[in-house]
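Survey of secondary and tertiary structure
Chain by chain, the residues run as shown.
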Amino acid sequence: MGDPAGAGPEQLRHDKRVNPERNQFNQELEARLEALRLKNLFRELRTLDSPQAPAVDLNGRAMLNFSSNDYLGLANHPLLKEAAVRALERFGVGAGASRLISGTLAPHHELEQVLAQFKGTEAALSFSSGYATALGTIPALVGRDDIVILDKLVHACMVDATRLSGARVRVCRHNDIDHLEELLRWADAQRGAAEESRILVLTESVFSMDGDRAPLRDIVELKNRFRAWLMVDEAHALGLFGRQGRGCAEELGVSNEIEIQMGTLGKAVGAAGGYICGSQVLIDFLVNASRSFIFSTAPVPAAAASALAGIRLISSPDGDVLRRKLWENVNEFRAGIRTPMPDGAILPLHVGDEAAALEFAGRLRAEGFLVPAIRYPTVARGRARLRITMSAAHNLEQVRLLTAALRRLHPQANAPGQPATILPSS
Ligand SMILES: *Cc1c(COP(=O)(O)O)cnc(C)c1O
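Turning to helix 14 (residues 317-337), a few remarks are in order. Look at helix 14: 31 Å from first C-alpha to last across 21 residues, which is about the 30 Å you get at 1.5 Å a residue. Buried within helix 14 we find Gly-319, Leu-322, Arg-323, Leu-326, Asn-329, Val-330, Phe-333, Gly-336 and Ile-337. Projected down its long axis, helix 14 shows its buried positions confined to an angular sector of 150 degrees, all on one face. Structural note: helix 14 exposes Pro-317, Arg-324 and Ala-335 on the side pointing more than 90 degrees away from its buried face.

This is the structure in structure tokens:
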């Protein structure tokens, strides 16, 4: 036998020789990555060595974090951690099987009961993520004979789910109610006398990258008129808007008219997972037809338990305190840069050009601020932006440091009587 220490490199050389396709494969992918780099669209991971919080540790350096969707600061909240630890001790680490086999543990069931109560629906179903929620729900409800009308800016999970469903797709101009009416009229004409094909309208209540809101009342009125179904993703509204943070549908009084209410448990709720709230028959149907639900191991019990603790906290008086703190931070930010912004915790600064957005984010990072440059394909080409997100966990001083840095890097934000934009919008 030879020296075992020499076996490694020898083995590598051998692999290269017998597996030439692997080189061709890697070369091909390297070329594709190079093409992304040339277009300023290359992305890479940055690893934090700390919990999600207003101040994080990036490669040993303290950074102020204005990039997370942890709007209420629950991702590292003691109550959620305690719930996770208790569930871990009582139910173990893994769920062991899919929900329909033997993976439904008490925390999953309890989470769904509390979610339904909170949202005021008959029933709820939880999924391993918001992405899996859309992917399991939309193709279960519609197929080849049906039509999906989606807002141009809906999240990738709804776009992918619609593609997977095989339904005919029409894209509605963003928040354009007249265009929606036109598309619904067209879709209604397509279904003919038999009325067999369904029409499903997809939108978000608060849009993830622009932070603006959908005109839900008008949309509900239209979809009722044309007998279409409506699915609303409240990923960025749950916990923030409506009574006790129930979301925009509740705030606008249209909850009961939305067939499918969707959301995530990984943003304001501070944990992980996704959900559908609606009628009992919708939930029974999804248990039988949603492939991402059926063919996937149940979420770990600690995730369900911490999401449950998150919902409880959000709907308690402490939740109101956190929301007040969040809006106080948002108002401080808005006063600091005097730029028109959507009314919410997502505060996009439009840059346009991808390279410029990257450079701006890089300069902020050099000054200790973590703010992501959002680029294609998350947003359209040439619509790159900095996406600043505010949390209840920030303090006013941290917010002031950010606005000061933005003003320093973009002096036009300082100019009095120039409220239009801190940056030229494309
Ligand atoms: C983040 C997000 C999702 C996906 O939820 P995850 O739980 O992160 O998978 C779905 N819809 C919208 C609008 C989102 O922003």
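So, about the site of the ligand. Residues in close proximity to the ligand total 13 residues, the closest being Gly-130, Asp-233, His-236, Thr-264 and Lys-267. Side-chain polar atom of Asp-233 to a nitrogen atom of the ligand: 2.5 Å apart, as the coordinates give it. One of the side-chain nitrogen or oxygen atoms of Lys-267 is found 2.6 Å away from an oxygen atom of the ligand. Out of a free accessible area of 380 Å², the ligand has 83% covered by protein chains. Residues belonging to the shell around the ligand are distributed by class as follows: 3 nonpolar, 7 polar and 3 charged.

Moving on, we get to the pairing of strand 7 (residues 229-233). A large share of strand 7 lies buried, amounting to 4 of its 5 residues. Each parallel crossover has a hand, and for strand 6 (residues 199-204) linked through helix 9 (residues 216-225) to strand 7 it is right-handed.

Moving on to the sheet that holds strand 11 (residues 369-370). Spatially, the 3 strands line up as an open sheet ordered 1-2-11, and their pairing is mixed. Each having just a single partner strand, strand 1 (55-58) and strand 11 make up the two edges of the open sheet. In this sheet, strand 11 lies alongside strand 2 (residues 61-65) in parallel orientation, the contact comprising 2 bridges. Following the sheet pairing, Asn-65 is matched in strand 11 by Leu-370.

Together, Leu-88, Val-93 and Val-300 make up a nonpolar patch on the protein surface, roughly 250 Å² of accessible area in all. Turning to its location among the elements, Val-93 is positioned in the loop between helix 3 (78-91) and helix 4 (99-103). For Val-93, a relative accessible area of 61% corresponds to the exposed category.

Right, let's talk about the sheet that holds strand 7 for a bit. Across the sheet, which stays open at both edges, the 7 strands sit in the order 3-9-8-7-6-4-5 with mixed pairing between neighbours. Only two strands of the sheet have a single partner each, and these edge strands are strand 3 (123-127) and strand 5 (168-172). Geometrically, the sheet is characterised by an average inter-axis angle of 20 degrees between neighbouring strands, direction not taken into account. Across 5 bridges, the pairing between strand 6 and strand 7 is parallel. The residue of strand 7 that forms the bridge with Glu-204 is Asp-233.

Close inspection of predicted coordinates is inappropriate for parts of the model with low pLDDT. Taken residue by residue, the protein gives an average pLDDT of 92. The fraction at 70 or more is 91%. Low pLDDT (under 50) marks residues 1-6, which in the prediction has 0 contacts with non-local residues, meaning those over four places away or in another chain. For the stretch residues 413-420, pLDDT sits under 50, and the model shows 14 contacts to residues farther than four places along the chain or on other chains.

This part takes up the packing of helix 6 (residues 130-141) against helix 7 (residues 156-165). The geometry of helix 6 relative to helix 7 is characterised by a closest axis approach of 8 Å and an angle of 30 degrees between their N-to-C directions. One way to sum up the angle between helix 6 and helix 7 is to call them roughly parallel. Relative to helix 7, helix 6 is oriented so that their crossing is right-handed. Of the residues in helix 7, those in contact with Gly-130, Tyr-131, Ala-134, Leu-135, Ile-138 and Pro-139 of helix 6 are Cys-157, Met-158, Asp-160, Ala-161, Thr-162, Leu-164 and Ser-165. Of the residues contributing to the contact of helix 6 with helix 7, the split by class is 9 nonpolar, 3 polar and 1 charged.

Tracing the backbone through its elements, the reader meets Glu-328 in helix 14. Taking C-alpha positions, Glu-328 is 9.3 Å from Asn-395, a pair spaced 67 residues apart along the chain.

We now examine the nonpolar core. Residues Ile-149, Phe-333 and Ile-388 are the most contacted members of the largest nonpolar core, which totals 107 residues. Ranked by the residues each element gives to this core, the list is headed by helix 13 (residues 301-314), at 7 residues. Not counting chain neighbours up to four residues away, the residues in contact with Phe-333 comprise Met-341, Leu-347, Ile-388, Met-390, Val-399, Leu-402, Thr-403 and Leu-406.

Take the state of the cysteines next. Scanning the entire structure with this criterion turns up 0 disulfides. The thiol sulfur of Cys-248 is not disulfide-bonded, and the nearest other cysteine sulfur, from Cys-277, lies at 15 Å.

Cut-offs and rules
- Starting afresh in each chain, residues are numbered from 1 along the sequence in its written order.
- Per-residue local features of the predicted model are confined to residues with pLDDT of at least 70, and side-chain atom pairs are confined, for both listing and counting, to 80 or more; whole-chain, interface and lining totals are unaffected and use all residues.
- Each side-chain value is worked out from all heavy atoms of the structure, with water and hydrogens disregarded.
- Numbering of helices and strands runs from the N terminus; a helix is a DSSP stretch of H or I covering at least four residues, while a strand is a stretch of E covering at least two.
- Take the residue count of a helix, subtract one, and multiply by 1.5 Å to get its expected span.
- Burial here depends on accessible area, computed with a 1.4 Å probe over protein chains only, as a share of the maximum for the residue type. Under 20% is buried, over 50% is exposed, and the range in between is partly exposed.
- Summarising the geometry, the arc corresponds to the directions from the helix axis toward the C-beta atoms.
- Here, proximity means that at least one heavy atom of the residue falls within 4 Å of the molecule or strand.
- Think of a polar contact as two N or O atoms within 3.5 Å of one another; within protein, one of them needs to be a possible hydrogen donor and the other a possible acceptor, and neighboring residues in sequence only count if both atoms come from side chains.
- Per-residue and other accessible areas follow the Shrake-Rupley method at a 1.4 Å probe size, with only the shown protein chains counted as cover for residues.
- Gly counts as polar in this scheme, as do all residues outside two lists: the nonpolar Ala, Val, Leu, Ile, Met, Phe, Trp, Tyr, Cys and Pro, and the charged Asp, Glu, Lys and Arg.
- With strands facing away from the observer, any crossover in which the path from the first strand over the helix to the second runs clockwise is taken as right-handed.
- For two strands to be treated as a pair, DSSP must find at least two bridges joining them.
- Residues qualify for a patch when their relative accessible area is over 30% and they have no salt bridge, like charges being joined within 9 Å and the nonpolar side chains of Val, Leu, Ile, Met, Phe, Trp and Tyr within 5 Å.
- The working definition used for a salt bridge is a side-chain nitrogen of Lys or Arg within 4 Å of a carboxyl oxygen of Asp or Glu.
- For helices, the fitted axis covers only the stretch in contact; all axes are lines through C-alpha atoms, and the angles between them, taken along N-to-C directions, range from 0 to 180 degrees.
- Per residue, pLDDT measures the predictor's confidence, with a range of 0 to 100.
- We call two residues in contact when some of their heavy atoms are within 4.5 Å.
- Orientation categories follow fixed angle ranges, with anything under 35 degrees roughly parallel, anything over 145 roughly antiparallel, 65 to 115 roughly perpendicular, and all other angles oblique.
- In a left-handed crossing the near helix is turned counterclockwise from the far helix by less than a right angle, and in a right-handed crossing that turn is clockwise.
- Within this scheme, the nonpolar core is defined by two criteria: the residues are buried Ala, Val, Leu, Ile, Met, Phe, Trp, Tyr or Cys, and they are joined through side-chain atoms within 4.5 Å.
- Disulfides are defined as pairs of cysteine sulfur atoms found within 2.5 Å of each other.

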